[in-house]
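# Descriptive structure summary
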Amino acid sequence: MQGYFGGDERDANVRRKLVETLYTQPLSLAVGALAGVACCTTAIVLTGNTAITIVGLTLIFVALARILMALWLAKDTQSHSAKMMEMAYEIGAFAYAFLSGLAAAVTMIYAMSDHLIALMITYAMVYGVGITARNAGRPFIALGQMFLSFAPVVVAGLIVGGPSFYVLSGLILFIFTGMSSITFNVFNTLKDQFIAAENSARMAEKMRELARTDVVTGLTNRAGLNHELVEHLMALPADRQLALFWLDLDRFKEVNDMLGHPVGDQVLAEVAQRLRVSAPQHATVSRFGGDEFVIACEVGDRGESERIAQSFAEALGQPYSVEGHRIDAGASMGVALLPEDGADIDSLMQGADLALYHAKVAGRDRIRFFDSSMTRELVRKKEIEKELRAAIQKDELSIFFQPIVDLKTGRIRTFEALVRWFHPEKGELRPDEFIPVAEETGVIITLGNWITAQAAKACAQWPEDVTIAVNLSPLQIRAPGAALGIMAAVRDAGLDPHRLELEVTESLFLDDDENTARFMEELAAEGVRFALDDFGTGYSSLGYINQFPFSKIKVDRSFVSGPNVGKKSDAIIRAVAEMGSTLEMEIVAEGLETVEQVKVVSDAGCTLGQGYYFSRAVPDFLAAMLLAQDRGRDGEVRAAG
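Summary of the structure given here. (Residues numbered from 1 in each chain as written. Predicted model: local features only at pLDDT ≥ 70, side-chain atom pairs only at ≥ 80, totals over all residues. Heavy atoms only, no water.)

## Section: the environment of Pro 139
By secondary structure assignment, the location of Pro 139 is in helix H7 (residues 139-160). Since its relative accessible area comes to 0%, Pro 139 is described here as buried. (Helix = DSSP H or I, 4+ residues; strand = E, 2+ residues; numbered from the N terminus. Buried < 20%, exposed > 50% of the residue type's maximum accessible area, 1.4 Å probe, protein only.)

## Description of the sheet that holds strand S2 (residues 284-289)
With respect to topology, five strands assemble into an open sheet ordered S2-S3-S1-S6-S7, the strand pairing being mixed. Both outer strands of the open sheet, S2 and strand S7 (367-369), are each paired with one neighbouring strand and no more. Neighbour-to-neighbour, the strand axes of this sheet turn through a mean angle of 20°, independent of strand direction. Two elements, strand S1 (residues 241-249) and strand S6 (residues 331-338), share eight bridges in a ladder whose sense is antiparallel. Residue pairing in the sheet places Phe 245 in a bridge with Val 335 of S6. Sitting on the sheet, helix H11 (residues 261-278) is in contact with S1, S2 and strand S3 (292-299), with an inclination near 5° to S3. (Pairing = 2+ DSSP bridges. Axes fitted to C-alpha atoms, helices over the stretch in contact; angles between N-to-C directions. Contact = heavy atoms within 4.5 Å.)

## Observations concerning the pairing of strand S9 (residues 412-423)
Of all twelve residues making up S9, ten are buried, and the element is well covered by its neighbours. Connecting strand S8 (residues 397-406) to the next strand, S9, in antiparallel fashion are five residues, including Gly 410 with a positive phi near 80°. Across four bridges, the pairing between S9 and strand S11 (residues 467-471) is parallel. Directly across from Phe 415, in S11, lies its bridge partner Ile 468. Here S9 pairs with strand S10 (residues 427-429) via three bridges, running antiparallel. Looking at the pairing, Trp 421 lines up with Leu 429 of S10. The antiparallel pairing of S9 with S10 creates a hairpin that spans three residues between the two strands.

## Here's the deal with the layout of surface pockets
Approximately 360 Å³ is the volume found for the second largest pocket. Taken together, 18 residues form the lining of the second largest pocket, with Asp 353, Leu 354, Tyr 357, Leu 378 and Lys 382 sitting closest to its centre. Element by element, the count of residues in the lining of the second largest pocket is highest for helix H13 (residues 345-362), at eight residues. Grouping the amino acids of the lining of the second largest pocket by side-chain chemistry returns six nonpolar, three polar and nine charged. (1 Å grid on protein atoms, 1.4 Å probe; cavity = no way out; pocket = protein on both sides within 12 Å on 5 of 7 lines; lining within 4 Å. Points joined across faces, edges and corners; volume = space filled by probe spheres on them. Nonpolar A, V, L, I, M, F, W, Y, C, P; charged D, E, K, R; others polar.)

Below you can see the structure in the form of structure tokens.
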């Protein structure tokens with residue numbers, strides 16, 4: 001019975017809701033109290049008895065006090081404790097109930113009018129029964145009021161005596177028993193409904209929390225971030241800014257590929273912990289998806305956001321130790337501020353995303369803040385991307401061919417295929433204007449496949465000892481079915497795979513050695529040859545030469561015609577040439593523009609040369625003419641011999 005009478009329910013929220021039912025209809029309480037006032041006023045006026053007057057005036061005072069208190073507390077039940085509201089109600093309710101029963105009792109003892117006695121007894125009985133239904137949410141109060149309103153009537157009936165009052169006293173006992181049972185039934189129903197509603201609310205809150213939480217890191221996820229950003233924006237003071245830090249882990253794909261996703265998940269969890277520790281108080285730290293994290297917080301100025309960004313970079317720059325593995329995975333970061341860089345959340349996120357993009361383009365472990373020029377550049381790139389896609393469809397692109405010449409015989413051994421774009425309105429666009437955009441947007445896959453197909457068709461018309469060289473983008477190589485696509489282009493052109501050379505740069509091997517090796521092995525098995533382009537500009541060229549099936553090395557033009565050409569560059573060219581001779585690899589010197597440069601690289605041991613000294617890149621019909629002239633000279637030499 002403690003749960004019924006002691007106010008000790010299992011859940012404080014349910015108790016509060018049950019207590020609040022006492023104040024849900026202050027008007028009904030006022031009507032009941034005013035009825036009591038009317039009855040007592042009538043008794044006082046009709047009898048003039050001192051005892052009845054004292055009890056009646058006391059009841060009127062308590063009734064008016066209860067009405068005022070109920071109206072005051074009902075205005076804002078949330079600002080008062082459940083215990084205080086319950087106690088306040090109990091004091092008033094018990095006092096009023098007892099006075100209503102006492103008023104009936106003194107009337108039974110002192111009044112001579114049967115009608116007045118009937119009126120006062122009826123009010124005490126009706127009040128006692130009616131209040132149990134109204135206050136069933138708190139049985140202790142409901143039954144206490146009924147008992148206090150009934151008890152004086154029963155005692156007075158026994159004192160006055162007589163068959164009628166004896167029967168009345170007995171009936172009151174039966175009524176009390178029956179109404180107690182009804183009160184408990186109503187209370188149990190209310191309690192069960194409130195508990196069910198509370199459980200449903202808790203379950204909904206839990207589901208909402210789960211929907212906004214990342215499982216791997218425990219951080220807020222993308223949905224939760226959107227919610228939190230709105231909260232930050234609503235609470236942002238006028239003199240503060242909202243900073244958004246967008247981070248992308250570097251080299252994380254290698255962790256998943258080489259060590260497995262369980263290790264990758266542990267790294268993500270450690271990243272989340274470091275960000276939590278480094279983030280300012282009240283910041284929102286979220287995992288946006290994959291290996292991207294977004295942090296939002298208030299800052300006073302740009303300088304504060306720079307310090308926070310640096311703290312994130314330092315925290316994530318430290319090595320990770322997971323299952324005995326040492327893992328280095330820093331992060332690229334883009335930062336934007338609201339309202340400085342955008343007036344709303346969408347523009348803020350777009351700014352941070354653009355800044356992150358520029359940070360990744362600049363290299364790993366970089367921090368970039370948004371500025372308006374990034375938006376203009378984005379618009380320009382989107383325009384180029386759109387027009388480039390259309391240009392491929394409309395055949396506005398052309399393939400030009402630059403010869404690669406044997407330095408001993410002067411014969412053309414290879415042509416390198418180079419794309420040219422003649423825009424109908426803007427004229428010729430340089431490759432460095434659209435090739436980077438093609439690589440960033442993924443158009444390079446379609447463009448690269450088209451270049452390979454066109455180059456293969458052109459080469460199929462040339463003498464069989466002339467090969468074609470095509471540059472490949474890392475993105476093109478990583479595309480699904482890349483090797484199959486290249487072989488299909490070769491077969492469609494009717495070209496011997498041995499006559500196709502694919503040029504790759506060292507940047508290809510920085511992120512995805514396994515897939516790259518598989519790609520090269522598949523094509524090498526078919527006879528396709530590979531050349532390492534721009535040799536000397538990377539970090540681990542010798543390791544790549546040893547690991548992958550290269551048959552040709554192209555020495556970067558900076559060693560031939562750059563500003564730092566001299567004894568050191570000549571020595572490097574000579575060393576590379578000697579290595580190529582030992583490994584039976586062709587060495588191509590790029591960027592040859594003068595006869596002196598040709599002589600230097602030839603004396604150093606380079607076997608092939610390429611550059612304006614021999615020819616610029618030319619259309620296919622001029623390439624055919626160059627070959628015809630080249631073969632004509634060979635015929636004249638043989639005839640003279």
